[in-house]
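Structural overview
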Amino acid sequence: MSERLSAYRAKRDFDRTPEPDGAGGSVKAAEHLRFVVHKHDARRLHYDLRLELGGVFHSWAVTRGPSLDPAEKRLAVEVEEHPLEYGDFEGTIPKGEYGGGTVMIWDRGYWAPEGNTNPVKALKNGELKFVLAGSKLAGSWVLVRLKPREGEKRTNWLLIKHRDRWATPGRDTILDKARSVASGRAMSTIAKGEGRAPAPFMIEGMPFGAAAKWHSGSSVSLSGPSRSVVLPRLTNPDRVLWPEAGLTKHDLAEYLCEVAPWMVDHFVGRPCSFVRAPDGIDKETFFQRHPMRGQPASVSSVTIDDEREPYMSLDEAQAIVDVAQISVVEFHLWNCAPSDPDVPGRLVFDLDPAPDIEFGGVIDAARHLRDRLQDLGLVAFCMTTGGKGLHVVAPLEPDKEMNWEQAKLFAQTVSAQMSEDNPNRFVINMSKRVRKGRIFLDYLRNDFAATAVAPLSPRARPEAFVAMPLTWGQVRKGLDPSRFTLETAAKLLEKSKAWHDYAKSTRSLKPAIARLLDVGR
Ligand SMILES: [Mn+2]
């Protein structure tokens with residue numbers, strides 16, 4: 001039994017309270033440090049913030065609860081350390097016992113100290129800056145210890161939200177989210193001992209993905225994938241992955257932290273393959289389609305009908321960040337509808353220029369293809385590939401009656417028409433001889449299990465280019481794909497409106513096919 005929990009145990013009679021005794025062992029260290037916020041209706045209602053560190057939960061009773069308004073400084077009274085098992089506790093402590101009253105798992109998730117700070121030292125010094133990735137609380141926070149007042153027995157801290165995209169200056173309604181993230185129950189239901197039991201989170205082997213999925217099925221969840229991320233613990237963070245650009249595994253993880261919340265919508269429910277470069281892109285790299293041992297727990301496994309081996313999918317922003325640990329330097333996505341590998345979810349045209357073609361020609365080709373797709377009723381988006389070409393992407397409305405045969409034939413026909421109308425500029429034949437001086441319209445990504453590089457994916461190229469989503473305003477003379485690198489892309493993305501209306505732009509393939517046939521007749 002941990003010495004550290006003696007204060008916790010001394011206060012409680014485990015014959016009377018349902019709380020865990022902290023005898024321990026059942027909760028192991030996880031890939032990320034975990035946090036829990038308990039809503040505790042004791043003599044006075046308060047919220048207990050618990051941060052995992054050193055095998056226990058450091059705990060603070062936040063009397064008025066956390067606030068997303070950076071102007072609100074919430075008193076957080078340091079209390080005794082709690083066992084990790086406590087993270088799954090939801091129920092009622094009998095009246096008359098220590099802390100008697102109802103306890104709800106109000107929020108939970110992962111946390112990390114900001115930057116390279118040592119959290120133990122930071123706490124000792126009285127100022128801990130940290131980030132939370134929970135269901136309700138996210139982003140950057142600080143705990144600051146107050147100077148003890150004369151005769152003050154308690155250690156008081158302030159809990160303050162930093163200004164970031166999760167802050168809501170001037171207003172705060174976070175405490176209105178009043179249901180348990182673990183059981184979906186209201187306080188009154190927990191008090192009565194009714195409703196469903198809380199889904200566990202702390203027990204060994206609980207995969208991140210499963211916990212996150214459970215949230216999405218409950219009434220308390222935010223819709224869509226979780227976007228909040230923390231920097232994972234990395235082994236060999238200083239390992240150089242892009243020697244020419246001087247970029248390390250840590251740099252990769254930081255880049256992914258910035259862009260994963262944007263990327264994740266394109267990843268949810270689609271199998272994803274990796275290019276991995278364990279010793280850097282100038283050493284041996286490999287393409288990975290199936291799960292492997294030692295991968296982060298946040299990577300989901302998907303089984304596709306009739307296929308023996310499962311595929312991987314990254315359904316939370318955190319999963320995209322976590323694979324930095326295994327040196328994933330490229331992400332390649334299936335183009336299916338989310339969670340439906342047999343149904344086309346987008347068309348991807350890869351405009352691949354012969355070496356003697358100027359980039360201006362590729363730009364013209366992309367705009368030309370956009371106009372053709374628009375005439376057929378589809379909405380087109382453009383991105384750089386991190387290489388010589390451009391991708392033109394048309395999001396499709398999922399339709400169970402559409403299959404890959406139809407999608408491929410459609411893409412092939414559009415490409416063939418383009419090439420027939422401009423035989424000197426475009427080819428749809430892959431052979432190099434024919435390609436000279438022309439742009440190859442590669443429609444073959446539009447097939448079952450075919451992949452295309454994901455938007456914002458880094459590339460295993462010396463300059464660390466990334467595949468950058470563009471506005472059509474950017475797709476014009478002067479566009480320079482080499483501007484978009486692991487070092488520059490996140491900042492540029494912040495200012496960009498590229499692909500903002502992607503989700504609203506899905507169109508049905510069926511009428512597009514009808515129009516194409518009409519035009520061809
Ligand atoms: Mn409490």
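Residues numbered from 1 in each chain as written. Predicted model: local features only at pLDDT ≥ 70, side-chain atom pairs only at ≥ 80, totals over all residues.

**Quick look at the pairing of strand E12 (residues 272-276)**
The pairing of E12 with strand E16 (residues 328-334) spans five bridges and is antiparallel. The residue of E16 that forms the bridge with Ser-273 is His-332. In this structure, E12 lies alongside strand E13 (residues 286-288), joined through three bridges in antiparallel fashion. Residue pairing in the sheet places Arg-276 in a bridge with Phe-286 of E13. (Pairing = 2+ DSSP bridges. Helix = DSSP H or I, 4+ residues; strand = E, 2+ residues; numbered from the N terminus.)

**A closer look at helix H8 (residues 404-421)**
The terminal C-alpha atoms of H8, which comprises 18 residues, lie 25 Å apart, in line with the 26 Å expected from a rise of 1.5 Å per residue. All buried positions along H8 are accounted for by Ala-407, Phe-410, Ala-411, Val-414, Ser-415 and Met-418. The buried residues of H8 occupy an angular sector of 120 degrees when the element is viewed end-on, so they sit on one face. Exposed positions of H8 whose direction lies more than 90 degrees from the buried face are Glu-405 and Glu-420. (Expected span 1.5 Å × (residues − 1). Buried ≥ 20, exposed ≤ 12 C-beta atoms within 10 Å, placed from the backbone. Arc of directions from axis to C-beta.)

**Digging into helix H7 (residues 359-375)**
With 17 residues, H7 ought to run about 24 Å at 1.5 Å a step, and its terminal C-alpha atoms sit 25 Å apart, in line with that. Among the residues of H7, Val-362, Ala-365, Ala-366, Leu-369, Arg-370, Arg-372 and Leu-373 are the ones counted as buried. Within H7, the buried residues cover an arc of 165 degrees as seen down the axis, which keeps them to one side. Of the exposed residues in H7, the ones pointing more than 90 degrees away from its buried face are Gly-360, Asp-371 and Gln-374. Among the structural elements, strand E19 (346-353), strand E20 (381-384), strand E21 (390-395), H8, strand E22 (426-427) and strand E23 (439-442) are those in contact with the buried residues of H7. Downstream of H7 by a residue or two, Gly-377 has a phi angle that is positive, lying close to 95 degrees. (Contact = placed C-beta atoms within 7 Å.)

**Details of the confidence of the model for the protein**
Scored by pLDDT, the protein comes out at a mean of 90, with 94% of its residues at no less than 70. Across residues 204-223, where pLDDT falls below 50, the model places 31 contacts with residues more than four positions away in sequence or in other chains. (pLDDT = per-residue confidence, 0-100.)

**Details of the environment of Gly-109**
Here Gly-109 shows up in strand E6 (residues 101-113). Given 26 C-beta atoms within 10 Å, Gly-109 falls into the buried group. As a C-alpha pair, Gly-109 and Arg-16 span 93 residues in sequence and 29 Å in three-dimensional space. If near-sequence neighbours (up to four positions away) are discounted, Gly-109 is found in contact with Phe-35, Leu-132, Ala-133, Gly-134 and Ser-135.

**Regarding the domain arrangement of the protein**
Entries for the protein in the domain assignment read domain 1 (3-217), domain 2 (240-334) and domain 3 (340-520). Each of domain 2 and domain 3 has a C-alpha centre, and these two points are 22 Å apart. Taken together, the contact pairs 27 residues of domain 2 with 20 residues of domain 3. Secondary-structure elements contributing two or more residues to the side of domain 2 that touches domain 3 are helix H5 (249-267), E12 and E16. At ten residues, the largest contribution of residues to the side of domain 2 that touches domain 3 is made by H5. Here the residues of the side of domain 2 that touches domain 3 sort into 18 nonpolar, four polar and five charged. (Domains from an automatic or database assignment. Nonpolar A, V, L, I, M, F, W, Y, C, P; charged D, E, K, R; others polar.)

**Section: the sheet that holds E19**
Strands sit in the order E22-E23-E19-E21-E20-E25 across an open sheet of six strands; the sheet is mixed. For this open sheet the edge positions go to E22 and strand E25 (469-470), each flanked by a neighbour on one side alone. Sheet analysis places E22 next to E23, joined by two bridges and oriented parallel. Residue pairing across strands places Val-427 opposite Phe-440, the latter belonging to E23.

**Description of the environment of Pro-310**
For Pro-310, the location among the structural elements is in the loop between strand E14 (300-302) and strand E15 (311-313). Along the chain, Pro-310 and Arg-227 lie 83 residues apart, while their C-alpha atoms are 25 Å from each other. With residues near it in sequence (within four places) discarded, Pro-310 still touches His-290, Pro-291, Ser-301, Val-302 and Thr-303.

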